[in-house]
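Structural overview for review
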Amino acid sequence: MNRQSSIVNRKSIGAGALKYLVGGVNSPVRAFRHVGGNPLMLRQGRDSQVYDVDGRAYVDFIMGWGSLIHGHRQVKGSTVLGLTHPAEAELARLMVDAVPSVEQVRFTVSGTEACMTAVRLARAVTGRPRILMFDGSYHGHAESVMAGKTAGISAAATREAMSVPYNDIEAVARAIRHHANRFACVIVEPVAANTGVIVPEVAFLKRLRALTQRHGILLIFDEVVTGFRLALGGAQSYFRITPDLTTFGKIIGGGMPIGALGGPARFMKRLAPEGNVYHGGTFAGHPLSMTAGAFTLKKLHAHPPYGALDRAGRRLQRGLQHAAQRCGIAIQINRLGSMLTVFFSDQPIRNAGDAARSRRQQFAAWANGLRRHGILIPPSPFEALFLSTAHTAQDVDRLITASEEIFTAMGNGA
Ligand SMILES: *Cc1c(COP(=O)(O)O)cnc(C)c1O
């Protein structure tokens, strides 16, 4: 089966990619292994559509894994300058104006670096070693947050990291009791997007804030996905909870590589050159990323799309739910605003364990079927579909109609 799918992959992704790139890709999920379908090579994107190397068009619900809130577009600007560009301060100001807990910003090249640096800063501020995370969450692939998820991690990093189930405040309380005064930070996706969408119970986030505060533990909101997607002020303004540090990425770069961390000046000033916590980078604050990001955020400030995106999301959710009901397929749709995951499951999905028990073969049949209809969704049951302002009502309807056809075939045992 594996061998077969790799032969198919070879055909569709091109021998060059497979020969010179590991697995034919530069990020594992792009290899389509979760759905057993052929990986795709895309040439370009425009508005809600992407085009593959053979010129076939697809309605795109991957949207750069949530990076594109206005759809696909082109950017122009200078390549690296090596000193500070005015757009860096402009993008930082747009973020500070929007996000309640952020007074200062440091830009990185990726969300990975932003989370890595936030954890380092939390350790420096608290003088403590340990970090607490949640099962199934993703905070990039730095050493500190990859313990237990990959080979090649040091024993020290493994010892210092701990992970408990999402939405389980008792597990957090137990961990804190057990390792009193040893946790530097809790890092959390305020809406989980990397186990598929998991909406937090509001009481969970509120109690997480209270517990960390009481124990002098920094609360890091990883808003790489939720920042500027749920609301201008991200999940923290949506839920009215103030974290100590926040990480950003994806949308704030307008489709260009970016990451950022932000927080109160008293913490941010611990970063070099003001303080002794090192972070820097040749491409940090890259002019193209800053320009594309500032353009995007100015547009979001001028025309907040969140009401319309939520209505489109609700329409999609209802349409899919009805289609599945009519065909006797049990699904759970987890959605907040413009981010949504369909789990093929009879049970509500509250954490990574629930997500892992969903029926993956049905997911694969759905994803591969949609692709034959010219619709692209993330090729993994543990990712989110993203809506953008470029998606039309017709795009959403096409997804619903195609899904109903696929669900019908599934219901008939195909
Ligand atoms: C994508 C993502 C990251 C990592 O960002 P990269 O730019 O891919 O390094 C971190 N946290 C979350 C929640 C993400 O979705």
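Structure report, in brief. (Residues numbered from 1 in each chain as written. Predicted model: local features only at pLDDT ≥ 70, side-chain atom pairs only at ≥ 80, totals over all residues. Heavy atoms only, no water.)

In this structure, M95, F107, F228 and W366 are the most contacted members of the largest nonpolar core, which totals 60 residues. Residue contacts for M95: discarding those within four places in its chain leaves V105, F107, F228, F248, I252, A260 and L297. Judged by nonpolar contacts, the second largest core, of 40 residues, contains A175, V186, V191 and F386. (Core = buried A, V, L, I, M, F, W, Y, C linked by side-chain atoms within 4.5 Å. Buried < 20%, exposed > 50% of the residue type's maximum accessible area, 1.4 Å probe, protein only. Contact = heavy atoms within 4.5 Å.)

Tallying each qualifying case throughout the model produces ten aromatic pairs. With a centroid separation of 5.9 Å and an interplanar angle of 85 degrees, the aromatic rings of F134 and Y166 are classed as edge-to-face. You can see F134 sitting in strand 5 (residues 130–134) and its partner Y166 sitting in the loop between strand 6 (161–164) and helix 7 (169–178), a full 32 residues away along the chain. Comparing F134 with Y166, the two get one shared label, buried. (Phe/Tyr/Trp six-rings, centres within 6.5 Å; stacked < 30°, edge-to-face > 60°. Helix = DSSP H or I, 4+ residues; strand = E, 2+ residues; numbered from the N terminus.)

Attention now goes to the environment of I217. Checked against the element boundaries, I217 lands in the loop between helix 8 (202–214) and strand 8 (218–222). Among the residues examined, I217 registers a relative accessible area of 3% and is labelled buried. Along the sequence, I217 and R182 sit 35 residues apart, while their C-alpha atoms lie 8.8 Å from each other. The contact partners of I217, leaving out residues within four places of it in the chain, are R128, I176, F183, A184, C185, V186, R209, T212 and D244.

This part covers the site of the ligand. Within the structure, the ligand sits among S110, G111, T112, Y138, H139, G140, E189, N194, D222, V224, V225 and K250. Taking G111, its main chain carries an N or O atom lying 2.8 Å from an oxygen atom of the ligand. Interatomic distance of 3.2 Å between a backbone N/O atom of Y138 and a nitrogen atom of the ligand. Starting from 380 Å² of accessible surface for the ligand in isolation, the protein chains cover 83%. Along the lines of polarity and charge, the residues of the shell around the ligand split into three nonpolar, six polar and three charged. (Near = heavy atom within 4 Å. Polar contact = N/O pair within 3.5 Å; in protein donor to acceptor, adjacent residues only side chain to side chain. Areas by Shrake-Rupley, 256 points an atom, 1.4 Å probe, with all protein chains shown as cover. Nonpolar A, V, L, I, M, F, W, Y, C, P; charged D, E, K, R; others polar.)

Interaxial distance between helix 14 (residues 360–372) and helix 15 (residues 393–411) falls to 10 Å at its minimum, and their mutual angle equals 130 degrees. Here helix 15 runs oblique to helix 14, going by the angle between their axes. Helix-helix and strand crossings are classified by hand; for helix 14 and helix 15 the assignment is right-handed. Across from Q362, A365, W366, G369 and L370 in helix 14, the residues of helix 15 making contact are L399, A402, S403, I406, F407 and M410. Per-class residue counts for the contact of helix 14 with helix 15 are eight nonpolar, three polar and no charged. (Axes fitted to C-alpha atoms, helices over the stretch in contact; angles between N-to-C directions. Parallel < 35°, antiparallel > 145°, perpendicular 65-115°, else oblique. Left-handed = near helix turned anticlockwise from the far one by under 90°.)

These figures capture arrangement, not role.
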